[in-house]
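# Remarks on the overall topology
In case you want the letters, here they are:
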Amino acid sequence: MTGSLAGTLAGPGAAVATLPATGAQNLAWLLLAFPAAGAAILLLGGKRTNAWGHLLGCATSLAAFGYGVVAFVAMLGYPAAKRSREVRVYDWIPAIGRFHVPLGLRLDQLSICFVLLITGVGSLILIYAIGYMSHDPERRRFFGYLNLFIAAMLLLVLADNYVALYAGWEGVGLASYLLIGFWQFKPSAAVAAKKAFIANRVGDLGLSLAIMLMFFTFGSVSFSGVFSAVHTASGGTVTAIGLLLLLGACGKSAQLPLQSWLLDAMEGPTPVSALIHAATMVTAGVYLIVRSAPIFNLSSDARLAVTIVGAATLLFGAIIGCAKDDIKKALAGSTMSQIGYMMLAAGLGPVGYALAIAHLLSHGFFKAGLFLGAGSVKHGMNDEVDMRRFGGLATVMKITFVTFTFGYLAIIGIPPFSGFFTKDPIIDAAYSKGGTSGAILGTAALLGAGITAFYMTRVMLMTFGGKRRWDDGMHPHEAPPVMTSPMVILAIGSLCAGGFLMLSNRLIDFLQPLVGTPPLSHGFFTPVSDVALAVVVVGAALGWLMYGRREVPVTAPRGSFVTVAARKDLYGDALNESVLMRPGQWLARLSVYFDNRGIDGLVNTVAAAMGGSSGRMRKVQTGFVRSYALSMLIGALLLVGALLLVRL
C-alpha cells in the first residue's frame, strides 16, 4: 500500500495540520485550571469553605464554560482546514531514549464540542446540586469532587497525546469512584463504587496496552505522530490497537461486556448520575473511538467489532430498562442503550463519526434533563425511587412533568425534538452499510428505537400518570427554582439541540476536516426514518396499553422469564462472576497451592534433607580417640584396596 493511498484511507484526521495556538486560545490551560483550582480549594480548604464552597464550585465550572465559548468563537475565525490548534504547556515526561511526552492541549473541532458539553451541561448540573445537596453536611466536599471530575474529563478530551489522555482517563475513574461512593455510610454505595472502579480497571488495561503498542510500533504516543505513521503498520497491528482501544471504551462507556457497573452507580447522588451519564464519563469511550478515527479507518475488523458491541449493547440496555422499577436505574439502562447507538455509528467509519458526536451532544441535553427530573421526583418524594409508589405526579410537580416530557419526547425520537434528528440518521446509516451486516445492524437499531419508546412511556406513565400510589405520609412538592431552572434550560436543549446541529449539516460540516464527510445524504423523513417513527409510535402505544389503561400494582408481579432476566440485568453480574471472578478465584487458589506445595515444598524438602543428613552425620562424632583411629584405619585400607584394584 502506498503512503498516499494509506493516508487517504486513514482519513482526514490523519492529514490535518495542527498549528500553534494564537490569540485567546493561548490561554486554553485555563479550561483545566479553573475546575482544578476549585477542587484544590474545596478539598484542601476544609470546613472553612463550607459556607461558600458550593458557590465556588459552580463559579469555576461556569468560568471554564465562558472561556470555552471564547475559544470556540476564536476557532470560527480560522479557515475550516486550519482550526486545529495546539497549546504547549510544559514537558511532562522529559526525553528518555525515544520516549518523550510533552503536555499539550489540542483545540480542534472535536475537542471544543466536548469542552462546551462538559462545562455547559456540567455547570447546569452543579447549579442544580446547590438545591439537591442543600441539607448534606458534606456539600463542600461533594462540589470539590465534581470540580475534580470536570477537570479530569477536560484533560481527557483536550490532551494532544494518548499518555495525557490516559491521565485524564484515570482521573475520571478516580472521581467517579469518589462520587458514586459519596454516601459511603451506605454499604450499597460503597460496593457500587468499588464495582465501578474495578470494572473500569479492566477497560483501562486495554487502553494502556494500546498506548504501549503504539509507542513500540510508531515510536510516538502523540496524536499527530501516531496518525501520520499508522499507515506504515501491518493490518494485524492496526487491528490489535483498535480492539484494545475498544476494550478501553467499553469500560468507560459501559458497553458489553463491561456494562454491569453503570446500573449500580445509581447509588450516588442524582447530580452525579446526571454528570456521568450526560456530560462526562460514559461519553469518554465514544470520544476515544472518534478521536482514533485514522486507526479505525484502516481496520475493517476493528470497526466491525465496534458496531457489534454498539448494536448488542443498545438492545441489552433497552431490554433492561423495560423491567426496572427504580426510576434512576431505568434511565441508566437507557444510557447504556443510547451510548450503544453512538458506538454503532462510530463503528460505521466516516459515514457515522459525525452522527455519533451529534447524538452524543443532543443526548447530553435530554439525558441530563431526565436525570435531573428523576432527582426532582426523588427530592419531592422523600428519596423514594420506586416508580410503583409514584403515580399522579403530573398535577403536583408541573415543572418537573413538563421538562421530563421534553426529555421523554427527545429520547424516543419524536419530531421536532432532538433525538429525531440525531438517532434516526444512525439507523439510516446502519441500513446503508448494505449486505447482511447492514441489515442486522439496522434492524437492531430499529428494534432498539421501539423498545426505547416502550420503556420510556412506561417510566412516564408510572411516574406522572394514573392514580396516586404514594403513602399517606408523603407530601410531593415541586423542587425549588435553583433546581428547576437548569431543568428548564435542558428541556429547551432537548427540543432544539438536535435540529440545530443536524439541519443544514451544520455539525457534519464543522467536523468534516477531522472525521470526513459522510458520503450518504442524511435527510429527514426518509423511508427508514418513517419506518423508525412508526416503530416508535407502536412501542409507545404498547407502553400505554400496559401501563396507561391498567392500574399499576404497588408490588411488582413476577412476570415472564424475560422480565425476571431483565430485572437481574440480563444476568450480566452472573456472567462476569462465572467468566471472570470465579476463574480468577480458582487461579488464585491454584497459585497458592502451587506456592505452598510446589515452591515452598521444594525449599522445605531441601532444608529437611540437609537437616536430616546433618543429624545422622552428627552421630559419627563420638569424642573417643579409638573410634577416630579405627575410622582412619578403615579409610586407609579402603584407599589402598582401591589403588590395588586400579593397578590390576
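Residues numbered from 1 in each chain as written. Predicted model: local features only at pLDDT ≥ 70, side-chain atom pairs only at ≥ 80, totals over all residues. Heavy atoms only, no water.

## Here we look at the overall build of the protein chain
Along the backbone of the protein chain there are 26 helices and 3 strands. Here the protein chain, with 648 residues, has 55% of them falling under the buried criterion. For the protein chain, restricting intrachain contacts to residue pairs at least 6 apart in sequence, the fraction spanning at least 24 positions comes to 81%. Carbon and sulfur atoms form 69% of the exposed surface of the protein chain, whose accessible area is close to 26200 Å². Side-chain charges of the protein chain comprise 46 positive and 29 negative groups, with the mean position of each set lying 7 Å from the other. (Helix = DSSP H or I, 4+ residues; strand = E, 2+ residues; numbered from the N terminus. Buried < 20%, exposed > 50% of the residue type's maximum accessible area, 1.4 Å probe, protein only. Contact = heavy atoms within 4.5 Å. Areas by Shrake-Rupley, 256 points an atom, 1.4 Å probe, with all protein chains shown as cover. Lys, Arg positive; Asp, Glu negative; His and termini not counted. Charge placed at Lys NZ, Arg CZ, Asp CG, Glu CD.)

## Some remarks on the packing of aromatic side chains
Counted according to the given criterion, the structure contains 17 aromatic pairs. Ring geometry for Phe420 versus Phe421: centroids 5.2 Å apart, planes at 80 degrees, classification edge-to-face. Here the two residues Phe420 and Phe421 agree in accessibility, since each one is buried. Three or more aromatic residues link up through ring pairs in this structure, and these residues are Phe142, Phe143, Tyr145 and Phe182. It is Arg85 that lies over the ring of Tyr78; its NZ or CZ is 3.8 Å from the centre. Sitting above the plane of the Phe197 ring, Arg201 keeps its charged end 4.2 Å from the centroid. (Phe/Tyr/Trp six-rings, centres within 6.5 Å; stacked < 30°, edge-to-face > 60°. Lys NZ or Arg CZ within 6 Å of the ring centre and 35° of its normal.)

## Considering the packing of helix 8 (residues 187-218) against helix 10 (residues 235-252)
For the pair helix 8 and helix 10, interaxial distance at closest approach is 7 Å and the crossing angle is 155 degrees. Relative to helix 10, the element helix 8 is oriented roughly antiparallel. Every pair of crossing elements has a handedness; the one defined by helix 8 and helix 10 is left-handed. Here the contact of helix 8 with helix 10 is built from residues that sort into 12 nonpolar, 7 polar and 3 charged. (Axes fitted to C-alpha atoms, helices over the stretch in contact; angles between N-to-C directions. Parallel < 35°, antiparallel > 145°, perpendicular 65-115°, else oblique. Left-handed = near helix turned anticlockwise from the far one by under 90°. Nonpolar A, V, L, I, M, F, W, Y, C, P; charged D, E, K, R; others polar.)

## Considering the packing of helix 12 (residues 270-278) against helix 17 (residues 353-380)
Relative orientation of the contacting elements helix 12 and helix 17 amounts to 165 degrees, with a least axis distance of 9 Å. Put simply, helix 12 runs roughly antiparallel to helix 17. Helix 12 and helix 17 meet at a crossing whose hand is right-handed. For the pair formed by helix 12 and helix 17, the contact residues are Thr270, Ser273, Ala274, His277 and Ala278 on the first element and His363, Gly364, Lys367, Ala368, Phe371, Leu372, Gly375 and Lys378 on the second. Considering only residue class, the contact of helix 12 with helix 17 consists of 5 nonpolar, 6 polar and 2 charged.

## Concerning the sheet that holds strand 2 (residues 85-96)
Here we have 3 strands laid out as an open sheet, ordered 1-2-3, and mixed in their pairing. Of all the strands in the sheet, the pair left with one neighbour each is strand 1 (19-20) and strand 3 (99-107). With 2 bridges connecting them, strand 1 and strand 2 associate as parallel partners. In the strand pairing of strand 2, Leu19 is matched with Arg85. Contacts from helix 7 (residues 162-180) reach strand 2 and strand 3, with the element oriented near 95 degrees to strand 2. (Pairing = 2+ DSSP bridges.)

## A few points about the side chain of Ser299
Tracing the backbone shows Ser299 in the loop between helix 14 (293-296) and helix 15 (300-321). Engagement of the side chain of Ser299 in a polar contact is seen with the backbone nitrogen of Ala302, the distance being 3.1 Å. Beyond its immediate sequence surroundings of up to four residues, Ser299 is in contact with Val238 and Thr239. (Polar contact = N/O pair within 3.5 Å; in protein donor to acceptor, adjacent residues only side chain to side chain.)

## Notes on the pattern of salt bridges
Pairs can form between side chains of opposite charge whenever their charged atoms are close. Counting across every chain of the model gives 14 salt bridges. We note a salt bridge from Asp108 to Arg106, for which the minimum N-O separation is 3.0 Å. Of the two residues, Asp108 and Arg106, both sit in the buried class. Put simply, Arg458 and Asp325 hold a salt bridge, and the shortest N to O gap is 2.7 Å. With Arg458 in helix 20 (residues 435-464) and Asp325 in the loop between helix 15 and helix 16 (327-347), this pair connects stretches of sequence that are 133 residues apart. Summarising the burial analysis for this pair, Arg458 and Asp325 share the class buried. Through salt bridges that share partners, Glu170, Arg201, Asp204 and Lys252 make up one connected network. (Salt bridge = Lys/Arg side-chain N within 4 Å of Asp/Glu carboxyl O.)

## Topic: the confidence of the model for the protein chain
Here the protein chain averages 91 in pLDDT, and 96% of its residues register 70 or above. Across residues 1-9 the pLDDT falls below 50, and counting only partners more than four positions away or on other chains, this stretch makes 8 contacts in the model. (pLDDT = per-residue confidence, 0-100.)

## Some points on helix 5 (residues 109-132)
Compared with an ideal rise of 1.5 Å per residue, which puts 24 residues at 34 Å, helix 5 spans 34 Å between its outermost C-alpha atoms and is within 8% of the ideal. Counting buried residues along helix 5, 22 of its 24 residues qualify, which places the element largely inside the surrounding structure. A side-chain oxygen of the first residue of helix 5 lies 3.2 Å from the backbone nitrogen of Leu110; this N-cap is Asp108. (Expected span 1.5 Å × (residues − 1).)

## What about the pairing of strand 2?
Bridge count between strand 2 and strand 3: 8 bridges; the pairing is antiparallel. Its bridge partner being in strand 3, Arg85 is matched across the sheet by Leu107. Counting the residues between successive antiparallel strands, the hairpin from strand 2 to strand 3 contains 2 residues, one of them, Gly97, with a positive phi of roughly 65 degrees.

## Some words on the nonpolar core
Within the largest apolar cluster, 194 residues are counted, with the highest numbers of intra-cluster contacts made by Tyr162, Leu245, Trp261 and Ile295. Setting aside chain neighbours within four positions, we find Tyr162 in contact with Ile211, Met214, Val221, Phe223, Val226, Phe227, Leu245, Leu288, Ser292 and Ile295. (Core = buried A, V, L, I, M, F, W, Y, C linked by side-chain atoms within 4.5 Å.)

## What about a nonpolar patch on the surface?
Residues Leu27, Trp29, Val89, Tyr90 and Trp92 make up a contiguous nonpolar surface patch of roughly 460 Å² in combined accessible area. Here Leu27 shows up in the loop between strand 1 and helix 3 (30-44). Since its relative accessible area comes to 39%, Leu27 is described here as partly exposed. (Patch = residues over 30% accessible without salt bridge, like charges linked within 9 Å, V, L, I, M, F, W, Y side chains within 5 Å.)

## Focus on the side chain of Ser418
Examined against the element boundaries, Ser418 turns out to sit in helix 19 (residues 418-432). On the basis of relative accessibility, which here comes to 0%, the residue Ser418 falls in the buried class. Side-chain polar atoms of Ser418 contact the backbone oxygen of Ser494, separated by 2.8 Å. Beyond its immediate chain neighbours, meaning those up to four positions away, Ser418 contacts Ser362, Phe366, Ala410, Gly493, Ser494, Leu495, Cys496, Ala497 and Gly498.

## As for unusual backbone geometry
Looking along the chain, the bond that leaves Leu256 and enters Pro257 is cis, with omega of 5 degrees. Along the chain, Pro257 turns up in the loop between helix 10 and helix 11 (261-264). At the junction of Pro415 and Pro416, the peptide bond is cis and its omega measures out at 5 degrees in the coordinates. Among the structural elements, Pro416 can be located in the loop between helix 18 (398-412) and helix 19. Here Leu570, not a glycine, exhibits a phi torsion of approximately 50 degrees, which is positive. Relative to the helices and strands, Leu570 resides in the loop between helix 24 (561-567) and helix 25 (572-618). Here the phi dihedral of Tyr571 falls at roughly 60 degrees; this positive angle occurs in a residue that is not glycine. Within the secondary structure, Tyr571 sits in the loop between helix 24 and helix 25.

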